[in-house]
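# Examination of the molecular architecture
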Amino acid sequence: MCAKMAFQHQAGTAMECLSIPITLHKEPGLDTEGREVLKCGFKIGGGIDQDYRKSPQGYTDNGIYVTEVHDGSPAAKSGLRMHDKILQCNGYDFTMVTHKKAVDYIKKHPVLNLLVARKGVTST
């Protein structure tokens, strides 16, 4: 029941599920234009402004999902996995955000304290 609630969640309603804490420390790197930036090594998809039915990954709600994790990246080292659903980032609720707001929030902080839901994980 818990896992189903996390992955078929209607934005704005209460949810009870197991959340996995992940702390990600970004590392210095260069962007495509050669500027120094802090890199986290993952990409996201989703958001309340997106149509999840058009998701190539087949997601079942408007949550923020990890769509890519780069090998050897801070995200990979922290234990973040593809298809994890981000519930919170540094205490900020990610179940009710647009895609752009989530990206901007992730970019803003050098350390990300994430709470994620993971399909198939019902206990720690």
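Everything numeric here is computed off the predicted structure, so don't read it as measured data. (Residues numbered from 1 in each chain as written. Predicted model: local features only at pLDDT ≥ 70, side-chain atom pairs only at ≥ 80, totals over all residues. Heavy atoms only, no water.)

### Section: the overall build of the chain
In terms of helices and strands, the chain carries 3 helices and 8 strands. Looking at the 124 residues of the chain, the share that counts as buried comes to 35%. Considering only contacts in the chain between residues 6 or more positions apart, those separated by 24 or more positions represent 60%. (Helix = DSSP H or I, 4+ residues; strand = E, 2+ residues; numbered from the N terminus. Buried < 20%, exposed > 50% of the residue type's maximum accessible area, 1.4 Å probe, protein only. Contact = heavy atoms within 4.5 Å.)

### Digging into the confidence of the model for the chain
Looking at the chain, the pLDDT average stands at 88 and 83% of residues meet or exceed 70. Highest mean pLDDT in the chain belongs to helix α2 (residues 74-78) (98); lowest belongs to helix α1 (residues 2-7) (52). (pLDDT = per-residue confidence, 0-100.)

### Some words on the pairing of strand β6 (residues 85-89)
Of all 5 residues that make up β6, 4 are buried, and the element is covered over most of its length. Across 2 bridges, the pairing between strand β5 (residues 64-69) and β6 is antiparallel. Each residue of the ladder has a partner; that of Tyr 65, found in β6, is Lys 85. Both β6 and strand β8 (residues 111-117) contribute to a ladder of 4 bridges, which runs antiparallel. (Pairing = 2+ DSSP bridges.)

### Focus on the side chain of Asp 31
Considering the arrangement of structural elements, one finds Asp 31 in the loop between β2 (27-30) and β3 (36-39). Given the relative accessible area of 19%, Asp 31 is considered buried. Not counting chain neighbours up to four residues away, the residues in contact with Asp 31 comprise Val 37 and Lys 39.

### Notes on helix α3 (residues 99-108)
Looking only at α3, the buried set comprises Ala 102, Tyr 105 and Ile 106. Considered in projection along α3, the buried side chains sweep an arc of 100° and stay on one side of the axis. Turned more than 90 degrees away from the buried face of α3, the exposed residues are Lys 100, Lys 107 and Lys 108. (Arc of directions from axis to C-beta.)

### Re the packing of aromatic side chains
On inspection of all chains with the given rule, the structure shows 4 aromatic pairs. A centroid spacing of 3.9 Å and a plane angle of 5° characterise the contact between Tyr 59 and Tyr 65, whose relative ring orientation is stacked. Each member of the pair, Tyr 59 as well as Tyr 65, carries the same accessibility label: buried. Their ring planes at 15° and their centres at 4.6 Å tell us that Tyr 92 and Tyr 105 sit as a pair that is stacked. Note that Tyr 92 is positioned in strand β7 (residues 92-93) and Tyr 105 in helix α3, a separation of 13 residues in sequence. Judged by relative accessible area, Tyr 92 falls into the partly exposed class, the value being 29%. For the cation-ring pair, Arg 53 lies above Tyr 52, with the distance from its terminal atom to the ring centre recorded as 6.0 Å. (Phe/Tyr/Trp six-rings, centres within 6.5 Å; stacked < 30°, edge-to-face > 60°. Lys NZ or Arg CZ within 6 Å of the ring centre and 35° of its normal.)

### With respect to the pattern of salt bridges
Taken as a whole, this structure holds 8 salt bridges when the rule is applied. Of the charged contacts, one joins Asp 61 and Lys 85 as a salt bridge, the two residues approaching to 2.6 Å between their closest N and O atoms. Note that Asp 61 is positioned in the loop between β4 (42-46) and β5 and Lys 85 in strand β6, a separation of 24 residues in sequence. A relative accessible area of 3% means that Asp 61 is categorised as buried. Of the charged contacts, one joins Asp 104 and Lys 100 as a salt bridge, the two residues approaching to 2.7 Å between their closest N and O atoms. (Salt bridge = Lys/Arg side-chain N within 4 Å of Asp/Glu carboxyl O.)

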